[in-house]
Amino acid sequence: MCIRDSVMSAIVDDERWTERGPGLWSQCEPFTLLGARFGRRMVVVSKNGRTGVFSPNRGVRRTIESNLGVDVMVDFLIAPTAFHDTFFAEAASDYPKAGRLVSPAFPEVVVKTESLADSWPEEWKEALVPYALQGMPRVQETVFFDRDTRSLIVSDLVFYFDANWDLWTKTFVRLSGVYGKPRMSRLFRMCIKDKAAFKASLEPLLELPIENIIPSHGKAVIGGGQSVLARLFDEV
């Protein structure tokens, strides 16, 4: 059973290391955009003897060693979208032998394929299934379904902010269209250039038994994940 997000004072953009189920953890650090406190969530997955870090935060090696132990080796560093490159170089320096699995739109000069799913590790293809979002050439986000916890790991597909944030952040996210319930932001919608292709890429997700959604910013959705995805599909 996954652990629910703990509410921390007025905001939750400094979420501590959180276990979300077997082999699945997250950790959020402060991140501001135009003064709004979005937070930046890193996800760590350990499945079938392999460990990977999604959207690495700063000091990733220190975080991994203090929570999982100094003997844990990171096998993969994952950048699921073009926009999650901030600390990728630092993580690659910390773990130079780790494989780099990145969005085709990723700005760094690394080995890329047409789809992140094309280079997905064999060990994870059943336990942690990648789904590439189409129709967004500048973003090319891939989301991941973790079968053990029935959780969908996303980058910017879903944002969720509620009353636990400060006044300016709540004002900002209201303008972005993501206050009060999990939704796509207006900026994310603007990046969709082919709505038919985008909706078609969402359809397989509607068939999955998704309960939770773990986004890179804001609160995680604990329970009811499938209904959130259905609403997103209808609102495109």
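The structure presented is a predicted model; accordingly, all values stated were derived computationally and were not measured.

(A) Spatial organisation of the confidence of the model for the chain. Considering every residue of the chain, the mean pLDDT works out to 86; 91% of them sit at 70 or more. Averaged pLDDT values for the elements of the chain fall to 74 in strand β3 (residues 32-33) and rise to 98 in strand β11 (residues 151-153). Across residues 1-14 the pLDDT falls below 50, and counting only partners more than four positions away or on other chains, this stretch makes 39 contacts in the model.

(B) Quick peek at the environment of Ile 192. By secondary structure assignment, the location of Ile 192 is in the loop between α4 (186-190) and α5 (195-206). Between the C-alpha atoms of Ile 192 and Val 139, which are 53 residues apart in sequence, the distance is 8.8 Å. If near-sequence neighbours (up to four positions away) are discounted, Ile 192 is found in contact with Gly 135, Met 136, Met 184 and Phe 198.

(C) Representation of the pairing of strand β9 (residues 128-132). Most of β9 is tucked away: four of the five residues are buried. Both β9 and strand β10 (residues 142-146) contribute to a ladder of five bridges, which runs antiparallel. Along β10, the bridge assignment pairs Pro 130 with Phe 144.

(D) Molecular detail of unusual backbone geometry. Of note in the backbone geometry, Asn 48 takes a positive phi value of approximately 50° without being a glycine. Positionally, Asn 48 belongs in the loop between β5 (40-47) and β6 (50-54). We classify Asn 48 as exposed; its relative accessible area is 56%. The residue Arg 150 is not glycine, and still its phi comes out positive at about 55°. Tracing the chain through its elements places Arg 150 in the loop between β10 and β11.

(E) The pattern of salt bridges, seen in detail. Across all of its chains, the model carries 13 salt bridges by this definition. Here Glu 29 makes a salt bridge to Arg 40, at a shortest N to O gap of 3.2 Å. Of this pair, Glu 29 sits in strand β2 (residues 24-29) while Arg 40 sits in strand β5, and the two are eleven residues apart along the sequence. We note that Glu 29, like Arg 40, is buried. Within this structure, Arg 183, Arg 189, Arg 231 and Glu 235 form a network of salt bridges that share partners.

What counts and how
Residues numbered from 1 in each chain as written. Predicted model: local features only at pLDDT ≥ 70, side-chain atom pairs only at ≥ 80, totals over all residues. Heavy atoms only, no water. pLDDT = per-residue confidence, 0-100. Helix = DSSP H or I, 4+ residues; strand = E, 2+ residues; numbered from the N terminus. Contact = heavy atoms within 4.5 Å. Buried < 20%, exposed > 50% of the residue type's maximum accessible area, 1.4 Å probe, protein only. Pairing = 2+ DSSP bridges. Salt bridge = Lys/Arg side-chain N within 4 Å of Asp/Glu carboxyl O.

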